[in-house]
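Summary of structural features
What follows is the residue order along each chain.
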Amino acid sequence: MFTGVKVFSATKAKEREGLGDNISRWMKTNPDLQIVDREVRQSSDNEFHCLSIILFYKKREP
């Protein structure tokens, strides 16, 4: 069961390279959240490739 969703996405190569750092930074600033599931999606058109990482989370129990 989850209570929230956080989506990280990037279309440019440099942004895609930094996606992991952005996710790590978000997780460090939200230590009260527990990731319970995740999905990785990719979509493309003629010019762009979009990478999305979707995190499902809930509040950590005390």
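Everything below is about the structure shown above.
Only a predicted model underlies this, so the values are computations on that prediction, with no experimental measurement involved. (Residues numbered from 1 in each chain as written. Predicted model: local features only at pLDDT ≥ 70, side-chain atom pairs only at ≥ 80, totals over all residues. Heavy atoms only, no water.)

Moving on to the pattern of salt bridges. A full pass over the atoms with the stated rule returns two salt bridges. Taking the shortest distance from any N to any O, the salt bridge between Asp32 and Lys59 comes out at 2.8 Å. Placement of Asp32 in the loop between helix H2 (19–29) and strand E2 (33–44) and of Lys59 in strand E3 (residues 49–59) is noted, with a sequence separation of 27 residues between them. Judged by its relative accessible area of 34%, Asp32 is partly exposed. Measuring nitrogen to oxygen at the nearest pair gives 2.6 Å for the salt bridge that ties Arg41 to Glu39. Accessibility expressed as a relative area gives 49% for Arg41, which makes it partly exposed. (Salt bridge = Lys/Arg side-chain N within 4 Å of Asp/Glu carboxyl O. Helix = DSSP H or I, 4+ residues; strand = E, 2+ residues; numbered from the N terminus. Buried < 20%, exposed > 50% of the residue type's maximum accessible area, 1.4 Å probe, protein only.)

Let's shift gears to the environment of Arg41. Of note, Arg41 is situated in strand E2. As for Arg41 and Ile53, which are separated by 12 residues in sequence, their C-alpha atoms are 6.4 Å apart. When neighbours within four sequence positions are excluded, Arg41 is seen to be in contact with Cys50, Leu51, Ser52 and Ile54. For Arg41, the side chain forms a polar contact with the side chain of Glu39, separated by 2.6 Å. (Contact = heavy atoms within 4.5 Å. Polar contact = N/O pair within 3.5 Å; in protein donor to acceptor, adjacent residues only side chain to side chain.)

Here we take up the environment of Asp45. Looking at the element boundaries, Asp45 is found in the loop between E2 and E3. Taking relative accessible area as the criterion, Asp45 reaches 47% and is therefore assigned partly exposed. Within polar-contact distance, the side chain of Asp45 engages the backbone nitrogen of Glu47 at 2.8 Å. For Asp45, the side chain forms a polar contact with the main-chain nitrogen of Phe48, separated by 2.7 Å.

Sheet architecture is open: three strands sit in the order E1-E3-E2, paired in antiparallel fashion. Only two strands of the sheet have a single partner each, and these edge strands are strand E1 (4–10) and E2. When strand polarity is set aside, the average angle formed by the axes of neighbouring strands in this sheet is 20°. As paired elements, E2 and E3 share 11 bridges and run antiparallel to each other. Bridged to Asp37 within E3 is Phe56. (Pairing = 2+ DSSP bridges. Axes fitted to C-alpha atoms, helices over the stretch in contact; angles between N-to-C directions.)

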